[in-house]
Amino acid sequence: MKFFVDTADTGEISELAETGLLDGVTTNPSLIHKAGRDFMEVTREICGLVRGPVSAEVVALDHEGMMREAEVLRKIADNVCIKVPLTIDGLKTCKKLTGDGTMVNVTLCFSANQALLAAKAGATFISPFVGRHDDVGFDGMHLIEDIRLIYDNYAFETEVLVASIRHPIHVLQSAKIGADVATMPPAVIRNLFKHPLTDKGIEGFLADWAKTGQSI
Ligand code: G3P
């Protein structure tokens, strides 16, 4: 499973990229606002920090406007992936862009039928939002299971990119279901490394090693 980080904070991105485990980045207008930086400038910088896809979202709602914005965004770097909302105009834009060889991430997916439409439109990635599903009392992971099943039934190549991840259990469940990508806030990625018994184990080994009086 690929690991993407869901942030526009370049400090966090470069730190996580150093682990060698980061496969891409996703941003959205809210994350750009949070970063407090110029959209074009920060996106260009992020594209230089990772080799994999960097999702940059259009804000126009009509097909022509989305195409105009995508033209600007795709010139930033070869690894830009245009993010479009799951609407009729968004999917029209997706079909056109992927037909031209541009990567497209279809976002704000909340149903398996929407994911089916995105795959038919040739999306590179579909982004179902699990956390926001959980927030309103549905189990977001059921959506991932349904999408996986449907995509496998028809051998769609669209990658299932689990978005709106809130905690490590979402990541574990995504991996068990066979999602292609998980995009996570930096804190969730860091939490994946942690286990209290790992810390306790290191502590014990180091204490015993000190008693040997040796060095490596
Ligand atoms: O980038 C889309 C996504 O991951 C949003 O997450 O936490 O705002 O629901 P959240």
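The structure under discussion appears in the preceding block.
In this report, the structure presented in the accompanying data block is examined.

Reading the values: the criteria
- Residues numbered from 1 in each chain as written.
- Predicted model: local features only at pLDDT ≥ 70, side-chain atom pairs only at ≥ 80, totals over all residues.
- Heavy atoms only, no water.
- Helix = DSSP H or I, 4+ residues; strand = E, 2+ residues; numbered from the N terminus.
- Buried < 20%, exposed > 50% of the residue type's maximum accessible area, 1.4 Å probe, protein only.
- Contact = heavy atoms within 4.5 Å.
- Areas by Shrake-Rupley, 256 points an atom, 1.4 Å probe, with all protein chains shown as cover.
- Lys, Arg positive; Asp, Glu negative; His and termini not counted.
- Charge placed at Lys NZ, Arg CZ, Asp CG, Glu CD.
- Polar contact = N/O pair within 3.5 Å; in protein donor to acceptor, adjacent residues only side chain to side chain.
- Salt bridge = Lys/Arg side-chain N within 4 Å of Asp/Glu carboxyl O.

Summing up its helical and strand segments, the chain has 11 helices and eight strands in all. In terms of overall dimensions, the chain has C-alpha extents of about 70 × 40 × 30 Å along its principal axes. Buried positions account for 45% of the 216 residues belonging to the chain. Counting contacts in the chain only where the partners sit at least 6 residues apart, residues at least 24 apart contribute 57% of the total. Summed over all atoms, the accessible surface of the chain reaches about 11,400 Å², with 56% contributed by carbon and sulfur. A distance of 1 Å separates the average location of the 21 positive side-chain charges in the chain from that of its 29 negative side-chain charges.

Following the sequence through the fold, Thr102 ends up in the loop between helix 5 (88–99) and strand 5 (104–109). For Thr102, a relative accessible area of 11% puts it in the buried group. One polar contact links Thr102 to Arg74, side chain to side chain, over a distance of 2.5 Å. Not counting residues within four places of it along the chain, the set of residues in contact with Thr102 comprises Arg74, Ile82, Leu97 and Thr124.

Applying the stated criterion across every chain yields a total of 13 salt bridges. Between Arg37 and Glu41 there is a salt bridge, with the nearest N and O atoms lying 2.8 Å from each other. When its relative accessible area of 41% is taken as the criterion, Glu41 is described as partly exposed. Its salt-bridge partner being Asp208, residue Lys211 comes within 3.1 Å of it at the nearest N-O pair. Linking Lys211 with Asp208, this pair stays in helix 11 (residues 196–212), spanning three residues, or about one helical turn. Several salt bridges converge on common partners, so that one network encompasses Glu71, Arg74, Lys96 and Asp100.

Examined against the element boundaries, Thr124 turns out to sit in the loop between helix 6 (112–120) and strand 6 (125–128). Among the residues examined, Thr124 registers a relative accessible area of 22% and is labelled partly exposed. Here the alpha-carbon distance between Thr124 and Glu157, two residues 33 residues apart in the chain, equals 7.5 Å. Each residue touching Thr124, except ones within four places of it in the same chain, is listed here: Thr98, Thr102, Met103, Val104, Thr158 and Glu159. From its side chain, Thr124 meets the backbone nitrogen of Val104 in a polar contact 2.8 Å long.

Fair warning: the whole summary comes from geometry, so function is off the table for now.
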